[in-house]
Amino acid sequence: MGRKVTLATCSLNQWALDFDGNVLRILKSIEIAKSKGAKYRLGPELEICGYGCADHFYESDTLLHCFQVLKDLLESPVTQNIICDVGMPIMHHSVRYNCRVLFLNKKILLIRPKMLLANHGNNREFRWYSPWSQPRHVEEYFLPRMIQDVTGQVTVPFGDAVLSTKDTCIGSEICAELWNPRSPHVDMGLDGVEIFTNSSASYHELRKADQRVNLVKSATTKSGGIYLFANQKGCDGDRLYYDGCSMIAINGDIVAHGAQFSLDDVVRALSYEHKPYQRIKVDFSLSDCKDIYLPTHQPVDWGFHCPEEEISLGPACWLWDYLRRSGQAGFLLPLSGGVDSASSACIVYSMCELLCKAVHDGNAQVLEDVQRVVSDGSYRPEDPRELCGRLFTTCYMASENSSTGTRDRARALATQIGSNHLNINIDMAVKGMLGIFSIVMGKWPKFRANGGCRRENLALQNVQARVRMVLAYLFAQLSLWAQGKPGGLLVLGSANVDESLTGYFTKYDCSSADINPIGGIGKMDLKRFLQYCIEHFQLTALTSIVAAPPTAELEPLIDGQVSQTDEADMGMTYSELSVIGKLRKIAKCGPYSLFCKLIHSWRETYSPLQVAAKVKRFFRMYSVNRHKMTTVTPSYHAESYGPDDNRFDLRPFLYNTKWSLQFRCIDQEGLNVKL
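Residues numbered from 1 in each chain as written. Predicted model: local features only at pLDDT ≥ 70, side-chain atom pairs only at ≥ 80, totals over all residues. Heavy atoms only, no water.

So, the overall build of the protein
1) Next: If you tally the helices and strands in the protein, you get 22 helices and 21 strands.
2) Next: Here the protein has a C-alpha radius of gyration of 28 Å; the compact-globule value for 675 residues is 26 Å, and the two agree.
3) Next: Over its C-alpha atoms, taken along the principal directions, the protein stretches across nearly 85 × 75 × 45 Å.
4) Next: Carbon together with sulfur atoms contributes 54% to the accessible area of the protein, which is approximately 27,800 Å² in total. (Helix = DSSP H or I, 4+ residues; strand = E, 2+ residues; numbered from the N terminus. Rg over C-alpha atoms; globule rule 2.2 N^0.38 Å. Areas by Shrake-Rupley, 256 points an atom, 1.4 Å probe, with all protein chains shown as cover.)

Here's what the structure looks like:
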């Protein structure tokens, strides 16, 4: 009969280069693991320094501080009598590796470097690391003197090996190795390894959680064993939100898992339970002779969040991490009465709901952070609407082209969520800008509806949009000052992923902000999210917002009604844009291959000539406006087809917008289809 073991995996809200905070969270997770009887604790990838250090990984200081933290961990009484598995970068033979360091009772057992690096999507690990390219090979690693003084070891094993305790055998994987078709756990299982561990920094995307769960389950479905998965959580300093989901699987069943979205800094999951690999012998047992009373594992059902719930939870947690770590006192959002800005507002309201629930559940860290942000040490948030009024300012920036409908919709939503709402008229500022131009150039531009040309029409729209951006930052900096309150506000943007893809926004307008919670989310998902908010939060003011046609309201009204709509301007619907965006990025389609796919999938709706026109229009808009992505506001990464130029979707920003050869191929293919 096998023995029963207690193992711990965790999700930590680590912050890039926050070494003091990171070590406290690591120690807390180990303390929790030991209090539950665990003999092995697994943490997320690069948890000592934080995964998102980017080019700081090049700096010798980062390596030095990691070893200083490792020294503190080795010396801490908290880490005694439990195998600790932590992540940090290490330089070996002048090559930098992404490593796991496994230690027990002030002795380093093994340093295991990552063998298969993540270098797709938002990941750029090859920029900073080299993969360990010698399977089942182990070398000697000479420890720094500060570590030698603690461990009494001069060298330790470095390479692809496994731990052999008195009662079991443990092998390690790191993040992307699980996603690879030749995952190390396959050969480990064939070589007798019983417990597999994976430390990850896997960021959130809509509909991604089930992929992780299926991969973890499949790792032990065929050959059995226990699989521990640890993942980072929170915003560690950039566009990404790591969504936890730490879990344990046994023989293909998930038996324990942590929360996907949580405001806790430490989330745990506990469970009772070819060429051969070099085994590092460890004089230690994970099991106990008194384990007869410990419960055996039972499969648990994993409740996946629907995409609307993910939008409600992921960006909200990201916003809270950003706010509490930025030192600012809240958010300001230009609220237009449309779907996009309403979505940003609802995410802030969801954040306030999560904060109130966390405080009600006794989360002392959240309460301390809220009190610090609102500058009131006695404050205790209980009502999300009341908290929203303290943290969130919304403003409707009206012009002569704004309708009463959007103004009323913005005001109604602000009232329901409890934000501090302002009504601002920008006409004076717009006329002042145009007056300066007319004095210098001797002409006053006109809208197309009033006899102006296309260039005049576009310039007049842009000046309105840019004035709004300037005013948003002015009010963000000084509105609390005017009320006699300390601090400033972060400006929130509200351009969706489809608008970014086509460039359907003004450069340096209200899409230019400090951060954007919806910049990685498509319009159709946002509409479904607002419908979810109507039902979940009872925000009935959203009903009219969802029903209204999307419009920028930058051109003159006709008989008091909106004359301009987004989809008419773009020449395609948001639903069509979503399809095109996914084919461009995920399916890696250029103009010609995109056309070839769409003439089949859209054959019931459009003729080949109509499909060709839409494809050409899209790529013209995309290429003409791609330069806007170089300055677009940092946004929450949520979609696998996002056009973020920072590191996810690397493209030129100066194109030959004629696409001459590509469009000729489309025309020829269209002719062949007709024939």
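Section: the sheet that holds strand β21 (residues 490–491)
1) Next: Strands sit in the order β20-β19-β18-β21 across an open sheet of four strands; the sheet is parallel. Single-partner strands in this sheet number two, and they are β20 (420–425) and β21.
2) Next: Pairing geometry for strand β18 (residues 331–334) and β21, over two bridges, is parallel. Counterpart to Phe331 in the pairing with β21 is Leu490. (Pairing = 2+ DSSP bridges.)

A closer look at the pattern of salt bridges
Should the charged atoms of two oppositely charged side chains come close, the side chains can pair.
1) Next: One pass over the structure, following the stated rule, counts 30 salt bridges.
2) Next: Between Arg212 and Asp243 there is a salt bridge, with its nearest N and O atoms 2.6 Å apart. Highlighted residues: Arg212 in helix α7 (residues 209–221) and Asp243 in strand β13 (residues 242–243), separated in sequence by 31 residues. Of the two residues examined, Arg212 and Asp243, each falls in the buried class.
3) Next: With a closest N to O distance of 3.0 Å, Arg372 and Asp369 form a salt bridge. With Arg372 and Asp369 both in helix α10 (residues 364–373), this residue pair falls three residues apart, about one helical turn.
4) Next: Judged by relative accessible area, which is 43%, Arg372 ranks as partly exposed.
5) Next: The network of salt bridges with shared partners includes Arg207, Glu308, Asp525, Arg528 and Glu639. (Salt bridge = Lys/Arg side-chain N within 4 Å of Asp/Glu carboxyl O. Buried < 20%, exposed > 50% of the residue type's maximum accessible area, 1.4 Å probe, protein only.)

Observations regarding the sheet that holds strand β15 (residues 253–257)
Sheet strands associate in pairs through backbone hydrogen bonding, adopting either a parallel or an antiparallel arrangement.
1) Next: Judged by pairing direction, the sheet is mixed, and its seven strands sit side by side in the order β15-β14-β11-β10-β9-β8-β17 without closing on themselves. Among the strands making up the open sheet, the edge pair consists of β15 and β17 (278–281). Pairs of neighbouring strands in the sheet enclose a mean axial angle of 25 degrees, with direction left out of account.
2) Next: Across five bridges, the pairing between strand β9 (residues 169–174) and strand β10 (residues 195–200) is parallel. Among the inter-strand pairings, Ile170 is bridged to a residue of β10, identified as Ile195. (Axes fitted to C-alpha atoms, helices over the stretch in contact; angles between N-to-C directions.)

Focus on the pairing of strand β4 (residues 95–104)
1) Next: Across the 10 residues that make up β4, a large majority, nine, are buried.
2) Next: Where strand β3 (residues 83–92) lies against β4, nine bridges are found, and the strand directions are antiparallel. Across the sheet, residue Met91 finds its bridge partner in β4, namely Arg96.
3) Next: From the end of β3 to the start of β4, which pair antiparallel, there are two residues, and His93 there has a positive phi angle of about 55 degrees.
4) Next: In the sheet, β4 pairs with strand β5 (residues 107–113) via six bridges, with the strands oriented antiparallel. By the bridge assignment, Val101 is partnered in β5 with Ile111.
5) Next: In textbook terms, the turn of a hairpin is the stretch between consecutive antiparallel strands, and for β4 and β5 this stretch comprises two residues, one of which, Asn105, has a positive phi near 50 degrees.

A look at the environment of Gly21
1) Next: With respect to the secondary-structure elements, Gly21 resides in helix α1 (residues 19–35).
2) Next: Gly21 sits in the buried class, given a relative accessible area of 13%.

Looking at a nonpolar patch on the surface
1) Next: A cluster of nonpolar side chains, Ile436, Phe437, Ile439, Val440 and Met441, forms an exposed patch at the surface whose accessible area comes to about 580 Å².
2) Next: Among the secondary structure elements, Ile436 is positioned in helix α13 (residues 427–441).
3) Next: Among the residues examined, Ile436 registers a relative accessible area of 54% and is labelled exposed. (Patch = residues over 30% accessible without salt bridge, like charges linked within 9 Å, V, L, I, M, F, W, Y side chains within 5 Å.)

Examining the packing of aromatic side chains
1) Next: Tallied over the full model, the rule gives 21 aromatic pairs.
2) Next: On the numbers, 6.5 Å between centres and 80 degrees between planes, the contact of Tyr532 with Phe537 is edge-to-face.
3) Next: A residue is classified by how much of its surface remains accessible, and Phe537, at 9% relative accessible area, is buried.
4) Next: Three or more aromatic residues joined by ring pairs form one cluster here, namely Tyr241, Phe261, Trp318, Tyr322 and Tyr636. (Phe/Tyr/Trp six-rings, centres within 6.5 Å; stacked < 30°, edge-to-face > 60°.)

Overview of the packing of helix α11 (residues 384–391) against helix α12 (residues 404–417)
1) Next: For the pair α11 and α12, interaxial distance at closest approach is 8 Å and the crossing angle is 115 degrees. Of the residues in α12, those touching α11 at Pro384, Arg385 and Cys388 are Thr415, Gln416 and Ile417.
2) Next: For the contact of α11 with α12, the per-class residue count stands at three nonpolar, two polar and one charged. (Contact = heavy atoms within 4.5 Å. Nonpolar A, V, L, I, M, F, W, Y, C, P; charged D, E, K, R; others polar.)

Re helix α8 (residues 307–326)
1) Next: The end-to-end C-alpha separation of α8 is 28 Å, in line with the 28 Å expected for 20 residues at 1.5 Å each.
2) Next: A large share of α8 lies buried, amounting to 17 of its 20 residues.
3) Next: Immediately downstream of α8, the backbone of Gly327 shows phi near 80 degrees, a positive value. (Expected span 1.5 Å × (residues − 1).)

A few points about helix α20 (residues 591–601)
1) Next: Within α20 the residues assigned to the buried category are Pro591, Leu594, Phe595, Leu598 and Ile599. Buried residues along α20 cover an arc of 130 degrees about the axis, so they all sit on one side. (Arc of directions from axis to C-beta.)

Details of the packing of α13 against helix α14 (residues 454–482)
1) Next: Remark: α13 packs on α14, axes separated minimally by 10 Å, with the N-to-C direction vectors making an angle of 125 degrees. As judged from the angle between their axes, α13 and α14 are oblique. Considering only the axes of α13 and α14, their crossing is right-handed. Residue-level inspection shows Ala429, Val430, Met433 and Leu434 of α13 in contact with α14, the latter providing Leu460, Val463, Gln464 and Val467.
2) Next: Residue classes in the contact of α13 with α14 are distributed as seven nonpolar, one polar and no charged. (Parallel < 35°, antiparallel > 145°, perpendicular 65-115°, else oblique. Left-handed = near helix turned anticlockwise from the far one by under 90°.)

With respect to the nonpolar core
1) Next: Counting 64 residues, the largest nonpolar core has Phe331, Met351 and Leu542 as the members making the most contacts within it.
2) Next: In terms of residue count, the dominant contributor to this core is helix α9 (residues 339–360) (13 residues).
3) Next: Aside from chain neighbours lying at most four places away, what touches Leu542 is Ala342, Cys346, Leu413, Leu530, Cys533 and Ile534.
4) Next: Counting 51 residues, the second-largest nonpolar core is a separate cluster that includes Ala38, Tyr51, Cys53 and Phe67. (Core = buried A, V, L, I, M, F, W, Y, C linked by side-chain atoms within 4.5 Å.)

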